[in-house]
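A structural walkthrough
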Amino acid sequence: MLNELKPISVGDITISPDKNFYIAGPCAIESEEQANEIADNVIPAGADAFRGGVFKPRTNINSFQGLREGGLPTLFNVGRRHGVPIVTEVMREEQVEVIRKASRGHPFIYQVGERNAQNFDLLRKVGETGYPVILKRGKGNTVSEIIKAAEYITTGGSPAIISERGIVTFSSAAGVGKHTLDILSVAYFQEAGFLVILDPSHAAKERRFVWRLGLAGIAAGANGLLTEVGIIDENGVCHAQCDAGHAMSFQDFKTMIQVGKSFEQIMRANLLLKQNVDINSMLKVNV
Ligand code: PEP
Ligand code: MN
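Residues numbered from 1 in each chain as written. Chains lettered and ligands numbered in written order. Predicted model: local features only at pLDDT ≥ 70, side-chain atom pairs only at ≥ 80, totals over all residues. Heavy atoms only, no water.

Before going further, it helps to examine the overall build of the chain. The secondary structure content of the chain amounts to 11 helices and 10 strands. Taking 287 residues into account, the globule formula puts the C-alpha radius of gyration at 19 Å, and the chain, at 18 Å, falls close to it. Here the C-alpha coordinates of the chain stretch approximately 55 × 50 × 40 Å along the principal axes. By residue count, 50% of the 287 residues in the chain fall in the buried class. Nonlocal contacts in the chain, meaning residues at least 24 apart in sequence, comprise 67% of its contacts between residues at least 6 apart. Element-wise, carbon and sulfur atoms account for 51% of the exposed surface of the chain, whose accessible area totals about 13100 Å². In the chain, 30 side chains carry a positive charge and 31 a negative one; their mean positions are 1 Å apart. (Helix = DSSP H or I, 4+ residues; strand = E, 2+ residues; numbered from the N terminus. Rg over C-alpha atoms; globule rule 2.2 N^0.38 Å. Buried < 20%, exposed > 50% of the residue type's maximum accessible area, 1.4 Å probe, protein only. Contact = heavy atoms within 4.5 Å. Areas by Shrake-Rupley, 256 points an atom, 1.4 Å probe, with all protein chains shown as cover. Lys, Arg positive; Asp, Glu negative; His and termini not counted. Charge placed at Lys NZ, Arg CZ, Asp CG, Glu CD.)

Have a look at this one:
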């Protein structure tokens, strides 16, 4: 028995199975100039929401840890200026309220990162807010562990969206990509009743690979993408303090979204997102 995918509201916007939802922005907010330049490019290119981390979980304690609370006004000002919802990561329970207050009523989505995917107290806490939550799959979590973790959020009343962002496999060990994107998990999460926003960035490791995973995700029926985009200089280098290697250029993001929207049309025209797909009719459709 398949569960129905229910639309989720973020302010006036609806994330629904009928139209993909694209989220883009830097890994971390670093300055007002950086946030504005990226927003000025990704929103006209098709981003429905702007993302940026201020509370950053970093593997290395010496890496930039984010602007923390002080970065929230910049982040929400970008959302207000462009009239788009914000997506930002919450790492600890006490930050749930800090983020809500800083939003001053502007619509936003909490992101729970892969490292906190089974932090059940945090999941309960965001689950009680009523705000939508994007739950990233931990790189070592099974599909069923993440479905159960998402239920901690929905049990409290908040809507949950699952984000597949790659898991550790033998390929990671061989240095082929950072993580292996588990494409079929999109279908499993949806069949369990969760909309899926796929993150091609953290799996790709290198910017030149991101579009491949993004388009593969859309072709697999994901309900949207969460993509990191950065400012790339004339030598092709991104100087971001966080995840610079996989930050997509503005132009590549725009192209990925344009092509992605036509992939979406194919999927919908052929009802591929329903069961019993008729491949023959799919092949006859002109987009
Ligand atoms: C991020 O979105 O910047 C991030 C840290 O992602 P993940 O939790 O999937 O590693
Ligand atoms: Mn990142």
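Let's shift gears to the layout of surface pockets. Over the atoms rolls a probe the size of a water molecule, and in doing so it shows where empty space is left. Here the second largest pocket is characterised by a volume of approximately 360 Å³. Along its surface, the second largest pocket is lined by 22 residues, and P57, R115, K178, H202 and D243 are the ones closest to its centre. When grouped by side-chain class, the residues that make up the lining of the second largest pocket number three nonpolar, seven polar and 12 charged. (1 Å grid on protein atoms, 1.4 Å probe; cavity = no way out; pocket = protein on both sides within 12 Å on 5 of 7 lines; lining within 4 Å. Points joined across faces, edges and corners; volume = space filled by probe spheres on them. Nonpolar A, V, L, I, M, F, W, Y, C, P; charged D, E, K, R; others polar.)

Turning to helix α2 (residues 72-82), its buried residues are L72, T74, L75, F76, V78 and G79. In this structure, the buried residues of α2 make contact with α1 (32-42), β4 (49-51), β5 (86-89), α3 (93-103) and β6 (108-112). Positive backbone phi, approximately 65 degrees, marks G83, located one or two places after α2.

Let us look at the packing of aromatic side chains. Tallying each qualifying case throughout the model produces five aromatic pairs. Measuring from ring centre to ring centre gives 4.8 Å for F108 and Y110, while their planes differ by 85 degrees; the resulting arrangement is edge-to-face. Here F108 and Y110 have matching classes, each one buried. Where F108 meets Y131, the ring centres are 4.3 Å apart and the plane angle is 25 degrees; that geometry is what we call stacked. Of this pair, F108 sits in strand β6 while Y131 sits in the loop between α4 (120-127) and β7 (133-136); the two residues are 23 residues apart in sequence, bridging distant segments of the chain. (Phe/Tyr/Trp six-rings, centres within 6.5 Å; stacked < 30°, edge-to-face > 60°.)

Near ligand 1, the surroundings consist of C27, R51, K56, E89, Q111, G113, E114, R115, K136, R165, H202 and E228. Interatomic distance of 2.8 Å between a side-chain N/O atom of R51 and an oxygen atom of ligand 1. If ligand 1 stood free it would expose 300 Å²; the protein chains cover 96% of that surface. The pocket occupied by ligand 1, as judged from atoms lying within 2 Å of grid points, is the second largest pocket. Counted by class, the shell around ligand 1 contains one nonpolar, three polar and eight charged residues. (Near = heavy atom within 4 Å. Polar contact = N/O pair within 3.5 Å; in protein donor to acceptor, adjacent residues only side chain to side chain. Sits in = over half its atoms within 2 Å of the grid points.)

This brings us to the coordination of the manganese ion (ligand 2). Donor atoms from the polypeptide that bind the manganese ion (ligand 2) are C27 (SG), H202 (NE2), E228 (OE), E228 (OE) and D243 (OD), placed at 2.0 to 2.8 Å. Each of the six donor atoms around the manganese ion (ligand 2) contributes to a set of angles spanning 50 to 173 degrees, which defines the coordination as irregular. In terms of primary sequence, the donors binding the manganese ion (ligand 2) are separated according to C-x174-H-x25-E-x14-D. Of the two residues, C27 sits in the loop between β3 (21-25) and α1 while D243 sits in the loop between β10 (224-228) and α10 (250-269), which places them 216 residues apart along the sequence. With relative accessibility at 4%, the residue C27 sits in the buried group. For D243, a relative accessible area of 21% corresponds to the partly exposed category. (Donors = N, O, S within 2.8 Å, 3.2 Å for Na, K, Ca; no water. Tetrahedral: all angles 85-135°; square planar, octahedral: opposite > 155°, others 65-115°.)

Turning our eyes to something else, we now look at unusual backbone geometry. Positive phi is not limited to glycine here, since R68 has a value of about 55 degrees. Mapped onto the secondary structure, R68 falls in the loop between β4 and α2.

A few words now on the state of the cysteines. Evaluation of the coordinates by the stated rule reveals zero disulfides. Here C242 is not disulfide-linked; the sulfur of C27 is the nearest cysteine sulfur, at 3.1 Å. (Disulfide = S-S within 2.5 Å.)

Looking now at the side chain of Q34. Mapping Q34 onto the fold places it in helix α1. A polar side-chain atom of Q34 sits 2.9 Å from the main-chain carbonyl oxygen of A28. If near-sequence neighbours (up to four positions away) are discounted, Q34 is found in contact with P26, A28, I29 and I231.

Moving on to the packing of helix α9 (residues 207-219) against α10. Running from N to C, α9 and α10 point in directions that differ by 20 degrees, and their axes come no closer than 9 Å. Here α9 is positioned roughly parallel relative to α10, judged by the angle of their axes. Regarding α9 and α10, the two cross each other, and that crossing is right-handed. Contact residues: α9 offers V210, W211, G214, L215, I218 and A219, while α10 offers M256, V259, G260, F263, E264 and M267. Of the residues belonging to the contact of α9 with α10, the class tally is nine nonpolar, two polar and one charged. (Axes fitted to C-alpha atoms, helices over the stretch in contact; angles between N-to-C directions. Parallel < 35°, antiparallel > 145°, perpendicular 65-115°, else oblique. Left-handed = near helix turned anticlockwise from the far one by under 90°.)

No statement about biological role is implied by the geometric values presented.
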